[in-house]
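Working through the structure, step by step
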Amino acid sequence: MKTALFPGSFDPLTLGHDDIVRRAATLFDRVVVGIGVNADKKYMFSLEQRMEWVRQAFADLPHVEVASYEGLTIDYARSLGAQYLVRGLRNPADFEFEKAIAQTNRELEPHIETVFFQTRARYAFVASSHVREVIRYGGDYTLFVPSAVRITS
Ligand code: ADP
């Protein structure tokens, strides 16, 4: 069984993430959207909320799951039995950043392959950090997120 881990913060899940998950879901038997918990990082949305949004967004895909983890992504991937890590690439800056992470992970675990998905052009500008800014100042964030992501309070 081909298992892929798509790690990230998903704070919140965006249409860019949604596109990557759906494309990955056509290639792998099981896709785990892994929400990394970093004690030093401040998040806008709680872990429970972020997980719930992911769960709802992919309710139509039974082989997509959501989970959270602490510690090294590569260790978590190993514990899942994942053979692949999935990441999205929007631009050259993402590439440079991701290249170093993938090379580090390959040193740590040569049996897990990092697979990059090139962002669909119409979502290349979408970033969780920008979406948070739009939310913070009352803009229409629904343009950038799947319909499962709605702020109720
Ligand atoms: P992180 O905190 O690891 O950067 P993110 O939730 O921001 O977590 O992103 C997780 C993954 O999703 C990364 O591989 C990132 O490149 C990818 N990603 C983010 N935004 C988009 C987008 N608009 N299109 C495609 N991939 C994206």
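The rules we used
Sequence order as written defines residue numbering, which begins from 1 separately in each chain. Selection of residues for local features in this predicted model requires a pLDDT of at least 70, selection of side-chain atom pairs for listing and counting requires 80 or more, and totals for whole chains, interfaces and linings are taken over all residues. Remark: hydrogens and water are excluded; side-chain values derive from all non-hydrogen atoms of the structure. Here a strand is any run of E in DSSP of at least two residues, a helix any run of H or I of at least four, and the numbering for each starts at the N terminus. To get the radius of gyration, use the C-alpha atoms; to get the globule rule, take the number of residues to the power 0.38 and multiply by 2.2 Å. With a 1.4 Å probe rolled over the protein chains alone, any residue whose accessible area is under 20% of its type maximum counts as buried; one over 50% counts as exposed, and the rest are partly exposed. Two residues form a contact once any of their heavy atoms are found within 4.5 Å. In this description, accessible areas are obtained by the Shrake-Rupley approach with a 1.4 Å probe, and a residue is regarded as covered only by the protein chains that are shown. If even one non-hydrogen atom of a residue comes within 4 Å of a molecule or strand, that residue is called near it. We define a polar contact as two N or O atoms separated by no more than 3.5 Å, with the added condition that, inside protein, one atom must be a possible hydrogen donor and the other a possible acceptor, whereas residues neighbouring each other in sequence contribute only through side-chain atom pairs. When residue character is reported, Ala, Val, Leu, Ile, Met, Phe, Trp, Tyr, Cys and Pro are called nonpolar, Asp, Glu, Lys and Arg charged, and the others, Gly included, polar.

Digging into the overall build of the chain
Counting its regular elements, the chain contains 5 helices and 5 strands. Ordered by position from the N terminus, the helices and strands of the chain form the series β-α-β-α-β-α-β-α-β-α. A compact globule built from 153 residues should have a C-alpha radius of gyration of about 15 Å, and the chain, at 15 Å, falls within 12% of that. Summarising its shape, the C-alpha atoms of the chain cover approximately 45 × 35 × 30 Å along the three principal directions. Buried residues in the chain amount to 46% of all 153 residues. Residue pairs in contact within the chain that sit at least 24 positions apart in sequence constitute 78% of those at least 6 positions apart. Accessible surface, the chain: about 8,400 Å² in total, of which carbon and sulfur atoms supply 53%.

A short note on the environment of phenylalanine 58
Tracing the chain through its elements places phenylalanine 58 in the loop between α2 (47-57) and β3 (64-70). In this structure, the C-alpha to C-alpha distance between phenylalanine 58 and arginine 120, residues 62 residues apart in sequence, is 18 Å. Excluding anything up to four places from it in sequence, phenylalanine 58 contacts Leu13, Asp18, Val21, Arg22 and Val64.

Here's the deal with the site of the ligand
Surveying the vicinity of the ligand reveals 17 residues, the closest of which are Ser9, Phe10, Gly88, Tyr123 and Val126. Within the backbone of phenylalanine 10, an N or O atom sits 2.9 Å from an oxygen atom of the ligand. In the model, a nitrogen atom of the ligand is placed 3.1 Å from a nitrogen or oxygen of the arginine 90 side chain. Here the ligand has 550 Å² of accessible area as a free molecule, and 87% of this is covered by the chains. Among the elements of the structure, β1 (3-8), α1 (15-27), β4 (84-89) and α4 (92-108) are those that each provide at least two residues to the shell around the ligand. Considering only residue class, the shell around the ligand consists of 6 nonpolar, 6 polar and 5 charged.

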